[in-house]
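Geometric and topological summary
So the chains spell out like this:
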There are 2 protein chains.
Amino acid sequence: MTPNGKQSAPVKAPVGDSAKALRHAMSGLSGPQATGWTGAMESGGAPGEGVEVLILGAGVAGLTAAYELSVLGYEVTVLEAQNRVGGRNRTARKGDTLYELDEHGIPRLTHTCAFDDELYLNLGPGRIPYHHRRVLKYCRDFGVELEPYVMETTANLVRSPDAPVTWPNRRVANDTRGYLAEKLAENLLSLDTFTGELRDLLRAFGALDTNGKYRGSTRSGYLSLPEIGEFPVPAPPLSFEDLVNSGFWRARFYQPVDYLWQGTMFQPIGGMDHIVKALAREAKRAGATIVLGAEVVDIEITEEDGTGVEVGYRKGGVDYSAKARYCVSNIPFPVLRDIEQTNFSDAFRQAIRTVKFEKTCKVGWQANQRFWEGDLDRTYETEGIYGGISWTGHNITQLWYPSHDYFSDKGTLTGAYNFQKAADTLGGLAPDKRLKLAREGAIELHPEFKDKKLVPDDKGVTIAWHKVPYQLGGWAAWKPEDEEHKKAYRQLLQPEGHDAFYVTGDQISPLPGWQEGAMMSAQYIVQQILGIMPLSAPEEVAVPDSVALTQGLH
Amino acid sequence: MTPNGKQSAPVKAPVGDSAKALRHAMSGLSGPQATGWTGAMESGGAPGEGVEVLILGAGVAGLTAAYELSVLGYEVTVLEAQNRVGGRNRTARKGDTLYELDEHGIPRLTHTCAFDDELYLNLGPGRIPYHHRRVLKYCRDFGVELEPYVMETTANLVRSPDAPVTWPNRRVANDTRGYLAEKLAENLLSLDTFTGELRDLLRAFGALDTNGKYRGSTRSGYLSLPEIGEFPVPAPPLSFEDLVNSGFWRARFYQPVDYLWQGTMFQPIGGMDHIVKALAREAKRAGATIVLGAEVVDIEITEEDGTGVEVGYRKGGVDYSAKARYCVSNIPFPVLRDIEQTNFSDAFRQAIRTVKFEKTCKVGWQANQRFWEGDLDRTYETEGIYGGISWTGHNITQLWYPSHDYFSDKGTLTGAYNFQKAADTLGGLAPDKRLKLAREGAIELHPEFKDKKLVPDDKGVTIAWHKVPYQLGGWAAWKPEDEEHKKAYRQLLQPEGHDAFYVTGDQISPLPGWQEGAMMSAQYIVQQILGIMPLSAPEEVAVPDSVALTQGLH
């Protein structure tokens, strides 16, 4: 093993003999190059040869670490409390059972998913930005096919928090642009600084007429779809007063403008869980063992020099214990907190208690007709919504339309995705009451939701992630300005014991709530174990702004 | 046949006996309902039974009319001069031969397409807005599978006409928004009208800080992709002066904002020509005959009452003649002009000479590696471009990235799509010189184009639509303010003879250059023949603004 400092650009791993070439080929192009391992793989002696690693939790980070370490020759065992891999990466399909903890902490069945065959809905992560290169790379290497996820279309709706009206995105977006450009033109003109180039820019930016006035624009859509002998007439502009008074921007209207979201993103064809299934498959192929239904009950740093770990876990009512040189915990901090820890530092115990996890809920609907796509048979005068998100001031916050299987018969919709207080309210209700509230919010956007044959209650699902066993939250709610958070974040980037115990996950990454963060964290831990990354974090680390990273700037 | 006035909402056609039900089922859900036919289909007596119709030209409108009239029982023969259907709807694949007229009007081979198998490029229409309901409906009914066409991603580039720099879309778009919002905040503040709500809106609109200043935003992307311990840092904002001086908006930067384009649209999987292939297949299935290689040489309105047509055509060097009760011409006006016409009105002859057709060119490249998608193997610090368009002040005007087969090895790019003077310049060059000029424009955006192994000359194709035999242009360049155009447009909405001869196509629709316009026009003609639409156009018709409809507002 040759520690050789931080690698800014991972390079191809040298491959020695044919057995190693085969293993490399079998496990795809990810592997050593992903973690920067440039040391030679000695004949019969990969860096991890004979070294045991216990990984706690088969979420995205746990599985990524399991795969990468296995490829490097480590003897990896993953203990997963649930009977499935993936953690919050979960896709609901027919027959899936969802559990949440009741007020006594007892897991209770909330739903058995009753979607039709072939239908599915992502309950956790639902999209991948094109700059989340690790996610894209693992998908490509492991044959997880991607298709566009449409984040925004101009046919999406916005229902403003302060005005009981529903407008299409294009009218709100472009009429607002137009009026703001007009106002600027007026003010700059009056200040005698409205030069030719700036005037030209403002006209293009806001679709202003030659006098610098905004009189509506085809950007906002047509009054009606044109017929022969008619020219497309712009929809009359909404009034600026109505727009300003509606507070539409407080309904997250501008979220898709941010680099993390974008108009188009990616999603795996057939469901987000194809990613964790592929990671688990490749980790096992590289030699890892994944034990499902194994609930960790205590963790002890065993050796006097802090270079070993013993983990007690319960499976099928029986207690087991496992020892390893290294332990990587992908357990969410709110769960890890309550697991008995021996020989851990006070600083560590404090750190995992410092950051709270965000409350967040989703609702999923099956619709027996894709009414939002419009009726191509009845008239040419309606348009359709093909993907994207409608925003609302209602508790449900947002309604996602499917970005796949356009023009087919049925489909699933994300009927709520909310945070903080709204999630506390929704998650506090019984499952049937959640569906009732979500239906009310959806009806405000689409009256079709009144029809329970079209959108049946018994095919709806809900999830309150902060009540899900072994999860207890959506993501770590880091606050960059909080001094305690700075201390905790830095602490958690460093192993416990000398170099025995590591925490991983999006929870301790610059991208909380994103799979890219989970993979980045896993690769970082692997690099620490390899000696490529130092064990100690820099004095100054940047604490992520979880709200901005998960819910946009405002 | 029961003429019953204009139908604003086409309704389901009544289906009498099982034979008709079968025909209806065979031909999909389009058909009578698409054209508003609500009269009973008498047993053994559909409205067109025994009535012959000649359709000249198998473009989108000709094929649509052929299909709809055949379903209604008309005996339809389509004469197509070329050896393929589709007109400007053309997809280039390996072995396809492209011809253009030389300075003597002689067709010359410009390219034999040498793309690898499985690769293709749309030379004509390349995308479908979600509000072009006719196109979507025929696609659905005829099993033409659609996938998203990505019009814009924030990773696309813009190279300003007046500044030799290349910027990513997101920086130009969001820094401009930010500065404009900031300037408005300053001005409104100074005018003491910067109220709470407006201030709040401006901050959300432009990503301003609490003081109303724009200091950059993650909307414009990151300084670099984040690593563990780093928080995503916004790219430093471009200077407002540089943005204004660059004239970026004159490179069509805001075109995707218009309702006709949008961030996402649709494209048929495998090539746009699947639409015309499906239309031809279904027209034939419904009884139409399509004669390829049949060049129309003269058209005569034969009967004294103007209710019959005789068409002379040449096929394989032999002259033929065909008679019919109705004739529908999908021949582009610049071609129709030079076909001998007998018993046509002077007003008609004048009308088809009034509107000019736009010059337009496309260039197609095969790239042996999808370098624009970034290198997932080498580093996590580059991002990729997945679809969308880069804009440039260079002659090529725009560069389209493929919206399909992401993450695969090779791909095709639209290396130029230009109009007017730029198209005149490019189209005036020999094919190899066009590729040379297009490569220069592409190199300014992507230096990878310097590598002729990566993007080989011998796999490039070009097309100058204004030089293509039987086309002679991109689309009718209607000008709404031109009095002669108003007269001509109205004239061409009405048949010649009493009701014998009709012109169709996007050329005489509110959507020149768009397939929806072609289909709309075809349905209108069918309705005129059925008597559902009046033969005479209203006194006042709106003439389309072709430039706005094909190239955006500016």
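1. With respect to the overall build of chain A
Within chain A one finds 15 helices and 22 strands. A buried classification covers 63% of the 554 residues belonging to chain A. Here chain A displays about 19800 Å² of accessible surface, and carbon together with sulfur accounts for 49% of that area.

2. Brief notes about the packing of aromatic side chains
By the definition in use, this model includes 71 aromatic pairs over all chains. Each ring, one from Phe344 of chain B and one from Phe348 of chain B, has its centre 5.1 Å from the other, and the planes form 40°; the classification is tilted. Residue class for Phe344 of chain B comes out buried when judged on its relative accessible area of 7%. Given the relative accessible area of 2%, Phe348 of chain B is considered buried. Taking the centre distance of 5.8 Å and the plane angle of 90° together, the rings of Phe348 of chain B and Phe501 of chain B count as edge-to-face. In this pair, Phe348 of chain B is assigned in helix H10 (residues 346–354) and Phe501 of chain B in strand S22 (residues 501–503), connecting sequence segments 153 residues apart. Through a chain of ring-to-ring contacts, the aromatic side chains of Phe205, Phe248, Trp249, Phe253 and Tyr254 of chain A together with Phe205, Phe248, Trp249, Phe253 and Tyr254 of chain B assemble into a single cluster.

3. Points about helix H11 (residues 420–427) of chain A
Spacing of three or four residues puts side chains on the same side of an α-helix, whose turn is 3.6 residues. All names here are of chain A. Within H11, burial applies to Ala423, Leu426 and Gly427. In a view along the axis of H11, the buried residues occupy a sector of 90°, so they form one face of it. Buried residues belonging to H11 abut strand S17 (360–367), strand S20 (411–419), helix H12 (431–445) and strand S21 (461–464).

4. Let's talk about the interface of chain A and chain B
A common way to express how large an interface is: the accessible area buried when the components associate. Contacts between the two partners involve 101 residues from chain A and, on the opposite side, 101 residues from chain B. Taken together, both faces of the contact between chain A and chain B bury some 8700 Å²; the carbon and sulfur share is 65%. Linking chain A with chain B are 10 salt bridges, by the criterion used here. A salt bridge links Arg134 of chain A to Glu227 of chain B; the nearest nitrogen and oxygen atoms lie 3.1 Å apart. Our count for the contact surface shared by chain A and chain B stands at 30 residue pairs in polar contact (both at pLDDT 80 or more). Among the elements of the structure, helix H2 (32–35), helix H4 (133–141), strand S7 (146–150), helix H5 (169–190), helix H6 (196–206), helix H7 (240–246), strand S10 (264–268) and helix H14 (515–530) of chain A are those that each provide at least two residues to the side of chain A that touches chain B. Top element by residues in the side of chain A that touches chain B is H5 of chain A. It accounts for 9 residues. When its residues are assigned to classes, the side of chain A that touches chain B shows 53 nonpolar, 23 polar and 25 charged.

5. Considerations on the environment of Gly308 of chain A
Residue and element names in this part refer to chain A. Within the secondary structure layout, Gly308 lies in the loop between strand S12 (295–301) and strand S13 (309–315). Gly308 gets classed as buried once you look at its relative accessible area, which sits at 4%. Along the chain, Gly308 and Val172 lie 136 residues apart, while their C-alpha atoms are 59 Å from each other. If we ignore the near neighbours within four places in the chain, the residues touching Gly308 are Glu300, Ile301, Thr302, Glu303, Ala324, Arg325 and Ala500.

6. Digging into the relation of the copies chain A and chain B
It takes a turn of 180° to lay chain A on chain B, together with a shift of 0.0 Å along the axis; the resulting RMSD is 0.0 Å. The transformation relating the two chain copies, once decomposed into turn and shift, fits a two-fold axis. Proximity to the rotation axis, assessed at the C-alpha, singles out Leu184 of chain A in chain A; its C-alpha lies 2.7 Å from the axis. Looking at the interface residues of chain A, 100% of them are also at the interface in chain B, so both copies use one shared face.

7. A word on the sheet that holds strand S1 (residues 52–56) of chain A
Residue and element names in this part refer to chain A. Read from one edge to the other, the open sheet built from 5 strands follows the order S11-S2-S1-S15-S22, with strand pairing classed as parallel. In the strand order of this sheet, the two ends are held by strand S11 (289–291) and strand S22 (501–503), each with one partner. This sheet shows a mean twist of 20° between the axes of neighbouring strands, independent of strand direction. As paired elements, S1 and strand S15 (residues 326–329) share 4 bridges and run parallel to each other. What sits directly across from Val53, in S15, is Tyr326.

8. Some words on the sheet that holds strand S13 (residues 309–315) of chain B
Residue and element names in this part refer to chain B. Taken in spatial order, the 4 strands line up as S14-S13-S12-S16 in an open sheet, and their pairing is mixed. A single partner strand is all that each edge strand has here, and the edge strands are strand S14 (318–324) and strand S16 (340–342). Ignoring which end each strand starts from, the neighbouring axes of this sheet average 25° apart.

9. Brief notes about helix H12 (residues 431–445) of chain B
With 15 residues, H12 of chain B should cover 21 Å at 1.5 Å per step; its first-to-last C-alpha distance of 22 Å lies within 8% of that length. Here H12 of chain B has its buried residues at Arg434, Leu435, Leu437, Ala438, Arg439, Gly441, Ala442 and Leu445 of chain B.

10. Notes on the environment of Ser160 of chain B
Residues and elements named next belong to chain B. Looking at the secondary structure, you find Ser160 in the loop between strand S8 (157–159) and strand S9 (166–168). Separated by 137 residues in the primary sequence, Ser160 and Val297 have C-alpha atoms spaced 47 Å apart. Residues in contact with Ser160, not counting those within four places in the same chain, are Val165, Trp167, Ser246 and Phe248. At 3.1 Å, the side chain of Ser160 and the side chain of Ser246 are in polar contact.

11. Structural notes on unusual backbone geometry
Notably, Thr397 of chain A is not glycine yet its phi reads approximately 70°, a positive angle. Along the chain, Thr397 of chain A turns up in the loop between strand S18 (389–392) and strand S19 (398–400). A positive phi angle is found at Asn343 of chain B, which is not glycine, with a value near 70°.

12. Brief notes about the confidence of the model for chain A
All names here are of chain A. With 90% of its residues at a pLDDT of 70 or more, chain A shows a mean pLDDT of 90. Note on residues 1–30: pLDDT under 50 across the span, and 69 contacts to partners over four residues away in sequence or across chains. Confidence metrics for the complex model read pTM 0.92 and ipTM 0.91.

13. Quick word on the packing of helix H4 (residues 133–141) of chain B against helix H14 (residues 515–530) of chain B
All names here are of chain B. At a minimum axis separation of 8 Å, H4 and H14 run at an interaxial angle of 85°. Regarding the angle of H4 to H14, the classification is roughly perpendicular. On H14, the residues that touch Arg133, Arg134, Val135 and Tyr138 of H4 are Gln515, Glu516, Met519, Met520 and Gln523. The residue inventory of the contact of H4 with H14, partitioned by class, reads 4 nonpolar, 2 polar and 3 charged.

14. A short note on the pattern of salt bridges
What the rule picks out here adds up to 68 salt bridges over all chains. One salt bridge in this structure joins Asp424 of chain A and Lys359 of chain A, with 2.9 Å as the shortest N-O distance. Taken together, the positions of Asp424 of chain A in helix H11 and Lys359 of chain A in the loop between helix H10 (346–354) and S17 put the pair 65 residues apart, joining distant regions of the chain. The class for Lys359 of chain A is partly exposed, based on a relative accessible area of 33%. Overlapping salt bridges, with partners in common, bring together Lys137, Arg140 and Asp141 of chain A together with Asp377 of chain B in one network.

15. Regarding the pairing of S7 of chain A
All names here are of chain A. Within S7, 5 of the 5 residues are buried, leaving the element largely enclosed by the surrounding structure. For S7 and S10, the ladder comprises 5 bridges, and the chain directions are antiparallel. The residue of S10 that forms the bridge with Pro148 is Phe266.

16. Considerations on the environment of Leu260 of chain A
Assignment of secondary structure puts Leu260 of chain A in the loop between H7 and S10. Taking the C-alpha atoms as reference points, Leu260 of chain A and Tyr130 of chain A, 130 residues apart in sequence, are found 8.8 Å from one another. Once residues lying within four places of it in the same chain are set aside, the contact partners of Leu260 of chain A are Pro129, His131, His132, Met265, Leu511, Trp514 and Leu549 of chain A together with Tyr222 of chain B.

What counts, and at which threshold
- Within each chain, residues carry numbers counting from 1 in the order of the written sequence.
- All chains are assigned letters beginning with A, and all ligands numbers beginning with 1, in the order in which they are written.
- Where local features are concerned, this predicted model is filtered to residues with pLDDT of at least 70; where side-chain atom pairs are given and counted, the filter is 80 or more; whole-chain, interface and lining totals use all residues.
- As a rule here, side-chain values come from all non-hydrogen atoms in the structure, and water together with hydrogens is ignored.
- Think of it this way: any DSSP run of H or I at least four residues long counts as a helix, any run of E at least two long counts as a strand, and we number them from the N terminus.
- Summary of the burial criterion: residues with accessible area below 20% of their type's maximum are buried, those above 50% are exposed, and those between are partly exposed, where the area comes from a 1.4 Å probe applied to protein chains only.
- Methods summary: accessible areas were calculated by the Shrake-Rupley approach with a probe of 1.4 Å, and residue burial reflects only the protein chains presented.
- Between the rings of Phe, Tyr and Trp (Trp by its six-membered ring), a pair exists once the centres lie within 6.5 Å; its type follows the angle of the planes, with under 30 degrees stacked, over 60 edge-to-face, and the other angles tilted.
- The arc in question is formed by the directions pointing from the helix axis toward the C-beta atoms.
- By the convention used here, residues are in contact when the closest approach between their heavy atoms is within 4.5 Å.
- Buried area, as used here, totals the accessible surface that two parts lose on assembly, with accessibility defined by a 1.4 Å probe and the loss added over both.
- Definition used for salt bridges: Asp or Glu carboxyl oxygen within 4 Å of a side-chain nitrogen of Lys or Arg.
- We define a polar contact as two N or O atoms separated by no more than 3.5 Å, with the added condition that, inside protein, one atom must be a possible hydrogen donor and the other a possible acceptor, whereas residues neighbouring each other in sequence contribute only through side-chain atom pairs.
- Here the nonpolar group is Ala, Val, Leu, Ile, Met, Phe, Trp, Tyr, Cys and Pro; Asp, Glu, Lys and Arg are the charged ones; every other residue, Gly included, is treated as polar.
- Least squares is the method used to superpose the copies, on C-alpha atoms of residues holding a pLDDT of at least 70 in both.
- When DSSP finds two or more bridges between a pair of strands, those strands are recorded as paired.
- For helices, the fitted axis covers only the stretch in contact; all axes are lines through C-alpha atoms, and the angles between them, taken along N-to-C directions, range from 0 to 180 degrees.
- In a helix, the anticipated span is given by 1.5 Å times the number of residues less one.
- Each residue carries a pLDDT score, the predictor's confidence in it, ranging from 0 to 100.
- For classification purposes, an angle smaller than 35 degrees is called roughly parallel, one larger than 145 roughly antiparallel, one from 65 to 115 roughly perpendicular, and anything else oblique.

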